[in-house]
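Structural characterization, general
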Number of protein chains: 2
Amino acid sequence: MQISDVNQSIANRLHSAAIHLLRRLRKQDEAMGLSQARASALSVVVFGGPVTIGDLAHAEHVSAPTMTRLVIGMERDGLVRRERDARDGRIVWLKPTTKGTRILHEGRRRRVAALAEQLATLTERDRQTLASASQILERLLRAAPRPATGERPVSTTDVRSRRATRR
Amino acid sequence: MQISDVNQSIANRLHSAAIHLLRRLRKQDEAMGLSQARASALSVVVFGGPVTIGDLAHAEHVSAPTMTRLVIGMERDGLVRRERDARDGRIVWLKPTTKGTRILHEGRRRRVAALAEQLATLTERDRQTLASASQILERLLRAAPRPATGERPVSTTDVRSRRATRR
DNA sequence: GTATGTATTTAGCCTAGCTAAACGAATATA
DNA sequence: TATATTCGTTTAGCTAGGCTAAATACATAC
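Presented here is a report on the structure given in the accompanying data block. Worth saying up front: this structure is predicted, and the values here are computed from it rather than measured.

All names here are of chain A. In the contact formed by helix α2 (residues 36-48) and helix α4 (residues 64-76), the axes pass within 11 Å of each other and the chain directions differ by 90°. Put simply, α2 runs roughly perpendicular to α4. Residue-level inspection shows Ala-37, Arg-38, Ala-41 and Leu-42 of α2 in contact with α4, the latter providing Met-67, Leu-70, Gly-73 and Met-74. Of the residues contributing to the contact of α2 with α4, the split by class is six nonpolar, one polar and one charged.

Here you go:
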């Protein structure tokens with residue numbers, strides 16, 4: 001099949017590009033104590049918070065224990081605060097601290113600095129292609145991996161709305 | 001500055017997209033004993049080999065000890081073979097085994113299967129955007145991170161040519 | 001022939017992923 | 001009301017994959 005070959009090529013190139021992009025950016029992030037996993041989780045807390053640990057795990061597509069440990073580290077480093085829910089004693093709400101918000105934004109600034117020279121060498125058209133592609137990808141990845149499994153589709157953007165219905 | 005804001009936005013969205021893409025694909029790869037790191041390294045060996053461990057580390061932008069360990073695992077699992085260089089006793093050449101080549105291709109097939117449904121929902125135009133973007137990215141990332149540091153620019157594609165000059 | 005350089009490995013550390021299982025709190029049911 | 005179940009989080013313990021520092025073994029230059 002023609003279309004499947006095209007998709008295979010796209011998937012594999014995306015995979016390769018993603019791996020190498022992350023390796024490139026890792027150093028910048030870690031220079032300020034913001035690993036990739038933390039940067040990604042923290043940005044959900046900063047832009048989408050307050051959020052529970054479980055929701056954050058779903059939004060980030062990692063297991064709950066993994067997120068618990070990330071949160072422990074971020075709390076120890078003063079990036080987020082825990083707050084128990086008044087009505088439901090099982091729930092922990094996460095909020096960014098001032099430091100957390102600042103570090104996240106610094107991280108984002110450093111990250112672009114690491115790519116800026118190279119992004120600047122691109123034509124406007126190429127930059128536009130990258131911008132569009134990242135949007136297409138996020139939209140694509142936000143969809144459920146396998147609609148048939150019944151796993152609820154969770155997106156970073158509906159974290160608030162899901163919890164908003166909690167009583 | 002206008003352009004820097006645009007670049008920041010692109011860099012951050014790419015970062016986010018890359019993280020989530022890899023988390024999505026990881027399960028598929030690991031289902032057949034091909035982690036992301038192995039899949040990426042193995043593809044260099046299969047498509048660009050024979051290659052030395054040091055060159056592979058450079059091509060993958062990881063340290064030599066990291067690559068040594070990856071190779072140990074891949075060799076243990078019969079994906080690659082080591083061969084000492086006849087003229088230079090320090091050098092280890094890596095070649096894919098039949099199994100390694102097969103597994104790599106299976107991995108690539110599974111990987112697209114994991115994204116296929118979703119790629120199929122895209123318009124031809126969007127698919128084209130993703131394809132272009134991955135090419136632009138690989139080209140961008142192949143360039144030296146910081147041209148000033150004197151670090152030699154190493155690409156997956158010139159692995160052969162670099163080694164071809166060895167006597 | 002000694003010193004220096006190069007390719008790989010060893011040792012030891014860290015983060016971040018996982019599953020299984022424990023725990024405490026909430027909720028449903030008999 | 002007592003009991004069972006479900007839910008959110010944490011603990012415990014494993015693995016892979018990243019790093020640096022230092023050891024090893026070979027090659028080369030002086």
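The local shell around DNA strand C holds 25 residues, among which Ser-35, Ser-63, Arg-69 and Gly-89 of chain A together with Gly-54 of chain B are the closest. For DNA strand C, the fraction of atoms within 4 Å of the protein that belong to sugar or phosphate moieties is 63%. Take Gly-89 of chain A: an N or O atom from its main chain is 2.9 Å from a phosphate oxygen of DNA strand C. Measuring from a phosphate oxygen of DNA strand C, one finds a side-chain N or O atom of Thr-68 of chain B at 3.1 Å. Residue assignment for the surface near DNA strand C shows that the elements contributing at least two residues are α4 of chain A together with α1 (2-30), α3 (53-60) and α4 (64-76) of chain B.

Residue and element names in this part refer to chain A. Here Gly-107 shows up in helix α5 (residues 98-121). Since its relative accessible area comes to 0%, Gly-107 is described here as buried. Taking C-alpha positions, Gly-107 is 7.6 Å from Ala-39, a pair spaced 68 residues apart along the chain. Apart from the residues within four sequence positions on either side, Gly-107 is in contact with Asp-29, Met-32 and Leu-34.

A separate point is the sheet that holds strand β1 (residues 51-52) of chain A. All names here are of chain A. Read from one edge of the open sheet, three strands run β1-β3-β2, paired in antiparallel fashion. Edge positions in the sheet fall to β1 and β2 (80-84), since each of these pairs with one other strand and no more. In the sheet, β2 pairs with strand β3 (residues 92-96) via five bridges, with the strands oriented antiparallel. By the bridge assignment for β3, Arg-84 is matched with Val-92. Each of β1, β2 and β3 is contacted by α2, which is oriented at about 90° to β3, the strand it contacts most.

Calculation rules
- Residues numbered from 1 in each chain as written.
- Chains lettered and ligands numbered in written order.
- Predicted model: local features only at pLDDT ≥ 70, side-chain atom pairs only at ≥ 80, totals over all residues.
- Heavy atoms only, no water.
- Axes fitted to C-alpha atoms, helices over the stretch in contact; angles between N-to-C directions.
- Helix = DSSP H or I, 4+ residues; strand = E, 2+ residues; numbered from the N terminus.
- Parallel < 35°, antiparallel > 145°, perpendicular 65-115°, else oblique.
- Contact = heavy atoms within 4.5 Å.
- Nonpolar A, V, L, I, M, F, W, Y, C, P; charged D, E, K, R; others polar.
- Near = heavy atom within 4 Å.
- Polar contact = N/O pair within 3.5 Å; in protein donor to acceptor, adjacent residues only side chain to side chain.
- Buried < 20%, exposed > 50% of the residue type's maximum accessible area, 1.4 Å probe, protein only.
- Pairing = 2+ DSSP bridges.

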